Amino acid sequence: MSNDSSARIVEALRAWISTAPPGAKLPSTRALVAEHGAGPVTVQKALRTLAAQGMVESRPGVGTFVRAARVARPHDYGWQTAALGSPRNRISGLHTALRTPPNDMIALHSGYPDRELLPERLVRAAFTRAARGDAAVSRPPAAGLPELQAWFAAELGSHAPVGVAPPAPGDAIVLPGSQSGLSSAFRSLVGAGRPLLIESPTYWGAIRAAAQAGVALVPVPSGVHGPDPDELDRAFERTGARALYAQPNFANPTGARWSSELADRVLETVRRHGAFLVEDDWAHDFGIDADPTPLAARDDGGHVVYLRSLTKSVSPAVRIAGIVARGPARERILSDLQSESMYVSGMLQAVALDVVTQPAWRTHLRGLRHQLAARRDLLADALREHAPAAYLEALPRGGLNLWVRLPDTTDLARVVRECEENGVLVAPGGEWFPAEPTGPYLRLNYSGPDPGAFPEGARVLGRALE
Ligand SMILES: Cc1ncc(COP(=O)(O)O)c(C=O)c1O
C-alpha cells in the first residue's frame, strides 16, 4: 500500500466532493480502483481519511456518501455575557506582531525571524535524533531535563564576575517559551492588585501578561538608553512596588542596551527597595555590534529573576525558554508553572538541548550576527533615503527591530493603513506603551522575509509620510 497514492486519491476525491451535492454517493471502491490504478486497500485508506476529516460517511453495505453540511443557524451566546460579566482587562485580539500576512506583503511588522536565519539543518537533525531516544516516550522532570537546566544555568554563569556565585543547575526551570515565564513571574512575585514597575515603552506581551495577572502597571519612562534611574527610584518609593520588569539588553522595541553604570544603579535601587528585577533576555542570541551582558549574572542575592528564550534563535516550533531564580521565589514560580502546565514536552527540550550543544550552533550564531547586521543596515539606509521623516534615535547594537519616531503631527493610524494598502505591514508603536504613547512611533522588524524588499517598503512608508 502506498501512502502517496492514497494521498493522491484523497486529493482527487476532495475535488470531486467540492462540486457534488450533499448526500451524493461516491463511486464504488471497484470503480475507484479502476480509475486510479490503485489496490482496494489503498482506496479504502483514502476513504477512511476522508471520513475522519468529516467529508464523507460510510453506510456499510450501501456505499460512501458526501456528508450533508449542517444547516448554519445563528447562535445566541447572550447567556455567556451574564455569566462572564465585565472583563478585568479589555486587552484582546491578535497583536500586530503575530499577524500572518499573505506572502506578497512586505512584512516589517512581525516579531519572528525568517527561516533563513534559523539553524534549520541542526533543528531537523535534532528532531530525528530525539525521535529515536527516550524523550519521545517519557515524562521529563517538572523543572526540566537536568542537562538543559544545567545549560541555562551555565550560560548565565559564564557572565558572572569574580566574587559573584554563578547559579546552580537547580536554579533553572525550563519553560514552554518565555511568555509563560513572564505570566508566572508576575503572578508569583507580584500578584493581583499589586504594583509592578515596567519600562515604557516595553514588550507588548509583558504588558498583556501583567494585565492578565491583574497586577497594577506602573510605567517608568525609558528609551534608547534605558530607564531613567532617578524616576525608577521615585516610582519604587511612591508605589511601594517590589518588582520591576525590564530588558537591559537589546530591548524590544527600543533596542536599548544599558550601560554598565546604569545596570549598577538599577541593581542597587532594586536591592535597596527589597525588590525583584524580572530581566527578560529575549535577544541574547541576537547581538550584532555588542554582546549581551545579563544583569542577573551580577546578582547572587536572589533579586534578579532571569528569563532566556530560545524560541526565536533555535526555532519558533521549538518553543523553549529558561527562567533562573533563587530562593523561595524559585519555588513559587515552579509551583505556579506546575499548576498551569505541569511540565514541558521532553521532546522539545531534547531538541533544544541538542541544537545548542552542537559545535555548529556557535558557528551559526557567528553567521547570524553578520546577517542581522546587513539586514539592519539595509533597512536603516533605506529609511534614510526614502523615508527621511522617519527618525531613528539610535541604531540598535542587537535585537531584531528598528524603533522609529515619526513627526509629532503624524496620523499614525492613517500611515499604517496606507502602508498596508500598498503591500507593507508595519507595527504601530502604541502597542508597546503600557500607558498613552508619548509620540507616534513605528516598530520595524528587519529579520522577516526578503530583505531585498526593504527599499520598496521604505519608499511606501516615505510616501505615506509625505
Ligand atoms: C521581549 C520579549 N520577551 C519575551 C518574548 C516571548 O518569548 P517566547 O516566544 O519565548 O515566549 C518575546 C517575543 O517576542 C519578546 O520580544
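Bear in mind that the values here come from a model prediction, so they are computed numbers and not experimental data. (Residues numbered from 1 in each chain as written. Predicted model: local features only at pLDDT ≥ 70, side-chain atom pairs only at ≥ 80, totals over all residues. Heavy atoms only, no water.)

Novice: Describe the pattern of salt bridges, naming the residues involved and giving the relevant values.
Specialist: Scanning the model with the defined rule gives 25 salt bridges in all. The partner of Asp354 in a salt bridge is Arg129, and the shortest N-O contact between them spans 2.7 Å. One end of the pair, Asp354, is in helix H12 (residues 346-356); the other, Arg129, is in helix H5 (residues 120-132), and 225 residues separate them in sequence. Between Arg330 and Glu331 there is a salt bridge, with the nearest N and O atoms lying 3.3 Å from each other. Using a relative accessible area of 44% as the deciding quantity, one classes Glu331 as partly exposed. (Salt bridge = Lys/Arg side-chain N within 4 Å of Asp/Glu carboxyl O. Helix = DSSP H or I, 4+ residues; strand = E, 2+ residues; numbered from the N terminus. Buried < 20%, exposed > 50% of the residue type's maximum accessible area, 1.4 Å probe, protein only.)

Novice: If you had to explain the site of the ligand to someone new, which residues and values would you point to?
Specialist: Among the 13 residues in the neighbourhood of the ligand, the closest are listed as Asn252, Asp280, Ser309, Thr311 and Lys312. Between Asn252 and the ligand, the recorded distance is 2.8 Å, taken from a side-chain N or O atom to an oxygen atom. Along the lines of polarity and charge, the residues of the shell around the ligand split into three nonpolar, seven polar and three charged. (Near = heavy atom within 4 Å. Polar contact = N/O pair within 3.5 Å; in protein donor to acceptor, adjacent residues only side chain to side chain. Nonpolar A, V, L, I, M, F, W, Y, C, P; charged D, E, K, R; others polar.)

Novice: Requested: an account of the sheet that holds strand E11 (residues 391-392), with residues and values cited.
Specialist: Across the sheet, four strands lie side by side as E11-E12-E15-E14; this open sheet has antiparallel pairing. Each edge of the open sheet carries a strand with a single partner, namely E11 and strand E14 (427-428). Across the face of the sheet, helix H13 (residues 359-386) comes into contact with E11, strand E12 (401-405) and strand E15 (441-445) while running at roughly 20° to E12. (Pairing = 2+ DSSP bridges. Contact = heavy atoms within 4.5 Å. Axes fitted to C-alpha atoms, helices over the stretch in contact; angles between N-to-C directions.)

Novice: Break down the nonpolar core for me, with residues and values.
Specialist: Counting 87 residues, the largest nonpolar core has Leu444 and Leu461 as its most contacted members. Looking at this core, the element that brings in the most residues is H13, giving nine residues. Two domains share this core, each providing at least three of its residues, namely domain 2 (96-118 + 362-465) and domain 3 (120-358). Excluding residues that lie within four positions of it along the chain, Leu444 makes contacts with Leu108, Leu379, Leu383, Leu400, Asn401, Leu402, Val404, Val426 and Leu461. By size, the runner-up hydrophobic cluster in this structure holds 36 residues, among which are Leu175, Leu182, Val190 and Ala213. (Core = buried A, V, L, I, M, F, W, Y, C linked by side-chain atoms within 4.5 Å. Domains from an automatic or database assignment.)

Novice: An account of the domain arrangement of the chain is requested, with residue identities and associated values reported.
Specialist: As assigned here, the chain comprises domain 1 (3-66), domain 2 (96-118 + 362-465) and domain 3 (120-358). In this structure, domain 2 and domain 3 have C-alpha centres spaced 25 Å apart. Taken together, the 31 residues of domain 2 in the interface contact 36 residues of domain 3. Surface buried jointly by domain 2 and domain 3 totals about 2,900 Å² across both partners, of which 60% is contributed by carbon and sulfur atoms. Here domain 2 is connected to domain 3 by four salt bridges. (Buried area = accessible area lost by both parts, 1.4 Å probe.)

Novice: Please set out the layout of surface pockets residue by residue, giving values where relevant.
Specialist: As a volume, the largest pocket reaches approximately 450 Å³. Lining the largest pocket are 25 residues, with Ser110, Tyr112, Pro113, Asp114 and Arg115 positioned closest to its centre. Take the lining of the largest pocket: its biggest share by element is four residues, from H5. Among the residues making up the lining of the largest pocket, the classes are represented as 14 nonpolar, six polar and five charged. Here the lining of the largest pocket spans two domains, since at least three of its residues come from each of domain 2 (96-118 + 362-465) and domain 3 (120-358). (1 Å grid on protein atoms, 1.4 Å probe; cavity = no way out; pocket = protein on both sides within 12 Å on 5 of 7 lines; lining within 4 Å. Points joined across faces, edges and corners; volume = space filled by probe spheres on them.)

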